[in-house]
Amino acid sequence: MASDPDDGGEMPPAEATSPAEAVSDPSAEAEAEVTAPEDEPVKASGGSVVPAAGAESSHPEGLSLNYEEARALLGRLEFQKGNVEVALRVFDGIDLQAAIQQFQPSLSDKTPSKKGRTKSELPSSVSQNNPASLVLEAIYLKSLSLQKLGKSTEAANQCKSVLDSVESIFQNGTPDIEQKLQETVNKSVELLPEAWKHAGSYQEALASYRRALLSPWNLDDECRTRIQKRYASFLLYSNIDWSPPSMAQQVEGCFVPKNNVEEALLLLMIVLRNWYQGKTHWDPSVMEHLTYALSLCGEPLVLAKQLEEVLPGIYPRTERWATLALCYYVAGQKDIALNFLRKSLNKLENPNDILALLLAAKICSKDHHISSEGVEYARRVIALAESSDSHLKSVGLHFLGTCLGNKSKVVSSDYQRSLLQTETLKSLTESISLNRYNADLIFDMGVEYAEQRNMNAALRCAKEFIEATGGSVSKGWRLLALVLSAQQRFLEAEVATDAALDETAKLDQGSLLRVKAKLKVAQSSPMEAVEAYRALLALVQAQKNSSASCKNAIEKAKALKSYSAATLHAEGYMHQARDQTKDALAAYVNAFSTELEHVPSKVAIGAMLSKQGPRFLPAARCFLSDALRVEPTNRMAWLYLGKVHRSDGRISDAADCFQAAVMLEESDPVESFSSLS
Amino acid sequence: MPNDAPPPIHSAKDALDALAGILGGALPGSVAAADDPVAALLSDPDVASAVTGRLRGSGSGAGNDSLCRWLYDAFRSNVPELQLAVLRFVPTLAGVYLCRAVSRKPLAGFEAVLLALYAHAAAQRGAGEAETVSLPNLANPSPYHDAKVPPKAKPAELDVAVLTPPLEPHGTVRATRRARIVGAVLQLYHGKLAHMPLSSKMDFCEFCVAWAGTHSKLDGADKQRLPPAPDAGGGAEKWRRVPLPWELFQPALQIVAHCLLGPTGSDELKAQAARAAECLYWRATETVDARAVLATRSLVRLSQMVEEPIPEPSFSGAIENMAELEAMRANILNSKN
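What counts, and at which threshold
Residues numbered from 1 in each chain as written. Chains lettered and ligands numbered in written order. Predicted model: local features only at pLDDT ≥ 70, side-chain atom pairs only at ≥ 80, totals over all residues. Heavy atoms only, no water. Helix = DSSP H or I, 4+ residues; strand = E, 2+ residues; numbered from the N terminus. Buried < 20%, exposed > 50% of the residue type's maximum accessible area, 1.4 Å probe, protein only. Contact = heavy atoms within 4.5 Å. Areas by Shrake-Rupley, 256 points an atom, 1.4 Å probe, with all protein chains shown as cover. pLDDT = per-residue confidence, 0-100. Domains from an automatic or database assignment. Buried area = accessible area lost by both parts, 1.4 Å probe. Polar contact = N/O pair within 3.5 Å; in protein donor to acceptor, adjacent residues only side chain to side chain. Salt bridge = Lys/Arg side-chain N within 4 Å of Asp/Glu carboxyl O. Nonpolar A, V, L, I, M, F, W, Y, C, P; charged D, E, K, R; others polar. UniProt positions renumbered as here; feature names shortened; annotations may be inferred.

Report on the overall build of chain A, specifying residues and quantitative values.
Each helix and strand in chain A was counted, giving 32 helices and zero strands. Counting only residues that meet the buried cut, chain A has 53% of its 677 residues in that class. Restricting the contact set of chain A to residue pairs at least 6 apart, pairs at least 24 apart contribute 60%. Just so you have it, chain A exposes about 30,500 Å², and 54% of that area is on carbon and sulfur atoms.

Outline the confidence of the model for chain A, listing residues and values.
Residues and elements named next belong to chain A. Overall, the predicted model of chain A reaches an average pLDDT of 77, with 80% of residues at or above 70. Across chain A, the secondary-structure element scoring lowest on mean pLDDT is helix H2 (residues 26-35), at 39, and the one scoring highest is helix H16 (residues 354-365), at 92. For the stretch residues 1-64, pLDDT sits under 50, and the model shows 67 contacts to residues farther than four places along the chain or on other chains.

Any chance you could break down the domain arrangement of chain A for me, citing the residues and the numbers?
Residue and element names in this part refer to chain A. Along its sequence, chain A is carved into domain 1 (474-562) and domain 2 (565-675). Every contact between the two is made by 14 residues of domain 1 and, on the other side, 12 residues of domain 2. In total, domain 1 and domain 2 occlude about 920 Å² of area from one another, counting both sides; carbon and sulfur atoms represent 53% of this. Of all residues in domain 1, Leu-482, Ala-486 and Lys-518 give up the largest surface area on contact with domain 2, accounting jointly for 46% of the area buried on that side. The tally of links from domain 1 across to domain 2 stands at zero residue pairs in polar contact (both at pLDDT 80 or more).

Before we move on, can you summarise the interface of chain A and chain B with the specific residues and values?
Between chain A and chain B, the residue contacts involve 122 residues of the former and 94 residues of the latter. The largest per-residue losses of area from chain A upon contact with chain B belong to Asn239(A), Leu296(A) and Tyr437(A), which jointly make up 7% of the total buried on that side. Of the charged contacts in the structure, one is a salt bridge between Glu288(A) and Arg301(B), with a shortest N-O distance of 3.0 Å. Counting across the chain A and chain B interface gives 20 residue pairs in polar contact (both at pLDDT 80 or more). The residue inventory of the side of chain A that touches chain B, partitioned by class, reads 57 nonpolar, 26 polar and 39 charged.

So what's going on with the UniProt feature "repeat: TPR" (unreviewed entry) in chain A? Which residues, and what values?
Under the present numbering, the feature "repeat: TPR" (unreviewed entry) in UniProt falls on residues 635-668 of chain A. For residues 635-668 of chain A, the helix share is 88%, the strand share is 0%, and the end-to-end C-alpha distance is 8 Å.

Please give an account of the domain arrangement of chain B that cites residues and values.
All names here are of chain B. Domain assignment breaks chain B into domain 1 (1-126) and domain 2 (197-309). Each partner contributes residues to the interface: domain 1 has 14 residues there, and domain 2 has 15 residues. Summed over both sides, the interface between domain 1 and domain 2 buries roughly 1,300 Å², with carbon and sulfur atoms accounting for 64% of that surface. The tally of links from domain 1 across to domain 2 stands at two salt bridges. Asp-203 is the salt-bridge partner of Arg-56, the closest N and O atoms lying 3.5 Å from each other. Where domain 1 meets domain 2, there are four residue pairs in polar contact (both at pLDDT 80 or more). Taken together, the elements giving at least two residues each to the side of domain 1 that touches domain 2 come down to helix H4 (45-56) and helix H7 (90-101). Considering every element that reaches the side of domain 1 that touches domain 2, the biggest residue donor is H7, with eight residues.

See below:
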């Protein structure tokens, strides 16, 4: 396509007519004759037109405007005017290979001027319209035209030929070449991977991206950054068959990426660093790509670090704080996250950021002590989302309900508690009316109903949750079993548990087996309970054997920690059984200093103290009342409190307490509902 | 399983014959006559719509579903092109399965195929290891940048992030592991996305929207009330929302990201993927799942950003030889003809 012998043959007669108008330069003529014996495009120079400008003749070989150059210039003109197809026709006649061979001596003669790579210092010996760079530019424009016309594969091939030629000319990398040529090189290097991508040849695209970034093309910073960004995006989203880059030399400690995500992350971080160093302009997409990739990998702290390093003035500070809060929350550092959110939601900053408010409400809903704060955030969301967005309003109501429920557990007066409980249910009901399919919401409602002893409603919610999740979440099954057991429907509870065990993978069955065992005990079938416990123990053993990685060990340690109050309580119980009162007391006190709201230990202390004698009754009463404040449905606490009242002589109070204990016994689940969350 | 077990599939030809039998009638001429019938199978729209239509139809996925049997055998035949052809149907398979599994219908056929795919995925990963990513630290030099490393220092320690957790073997699909199994199958599909035809990806985005169960703002306002009541009697089955724990959410998001930002070259797919990403975002905000919120929010923002184009070439400097060029122009242009 590039060379066309017929063309060359046709040219001379046509051109023979034109020199009549031209002013010929004797030195140029001589040169033309010298170069005549060479191959075919030079034949045309037999009658070539000599440019009037003297700039050309200062060049040592004085190449005049020959066939190749004419085509190049003409094509460029057409391209500038936007006649892409015409330009293409003109370009088609250029034979790159031959042109390069011809021009090679002229280009490689140049000595690299300085060590510094400053584009501004143009070697003045070479003119702007150096024929080699003209031809190369022409081929580049040809490939660009092909690309515009949608012929990506051909475009890519043409582009590749430009780069191959440049590489063959400048064997040791491109030194200070003239600006025009450098520009052509830059553009070709940038175009080639895109052309391959559009043509669908992803492996070629990968190779050409690497060639662009790893070979010494002397690209300017902006160009390099654009290529890096596109390459990172290509790596992250294209799902190509990746292979590692080949390294010329192995530098010690060099980071060689082992998969596409690593390579993409590396490039994105380099682009960010270039921005800090002022080499390129800010592009928000880089941070978004990084956020996406790092969230998928579950590495929020690295993301947080990158965000913190972004110079001030790029992001509004409240936006930065809110995103940082999200990162720290994913990393499990809730307090830091909440602090960021508090700063951001201050009325002087950005108090109406709904997402930040929701996150803050969520964090607060996990901790009883800050539930009031959570209530406030949730109310603000509801007020903001009132008219516009029922989806977000529903989420706000959900968190409001949860926070109110938590608050009701720590408040001291009964009146307030019942008020809050009503409010809780009201919020949750309204939330469900706006979004009937939110499974977590249904579950929370079920637990709330159960704790308020509205068993029928709780049952309904439990069943709906199981339906909504297809039985795939084990806490739903547990709720169902516990609610049934609270209604004394032990057989049905057992059926539910068995169904759940069918649906659950072996390793997740632990909590269900525990419930099953307790159900058996409640039905007074001790032998079967023993079976269930045995199965549970086997499971725990298997889990211990199988968990080898350190992450598991950390999780186990965490699990152990949360049970320390329970283990201390158990220890105290043992001591009590052996009548070692002092040790028992010590253990119980340790237990509830570990976990301030640990009710069983308080009840145990109260019980023990009540037996010690009249002097200790007020203290016993104090502990038991405290326990009841946290968990008003604890029937053992009522029982012991009744005993305390009776020992103190307050018979009617004692009777009330005993009655409460009896009523609760009739509606007690085998395991507390608070174990579900 | 039925008494008349279908013949085992050992080669592409067996597979095509069997499929023709199941679909009732010969395969379209374009597939049967193609040089590489299996590759044609991968991309042929008629066969694809016939198969997906069967998969979506009511009553599919039961234990004796012959189409499921075909998929299972074709995948187990270990012919790579056949495996790709089976993978092509993963979106529809997983989509219909998850939506129906929530109602706890018996779907042994689907489960068998999914378990076969899962076993392959686990085997590919090598003894169920986790897929990890080492986070680069710019203090260490790399092929793409130089870093000043003090001569005697050790390279900086690298954090390792877990991309996907290890896969344990599973013989049956228990409800609590359903998400994990389907997630692994989606990861497998994600690994081969470059070979998948456009319709397969469109199917996936459609199911993603259904799984999320939320409405995209792009659909128009006032659509924020609940999804229509299920089983409106007759008509197409309504695909309902499913529980989306992270092990399912993550691979789904990766596939949507490819559809949205990868070099797919289809604006329709991009639009569909943008809808899917937004629906997933609203789903993530329902429980304020911070990880999911961060990832989906970035995708939604990226979908609205335009990539920086390559700068157009600049033409500086006048051309000195305009007169001569004009004269030569006619010659050059004419000579080309």
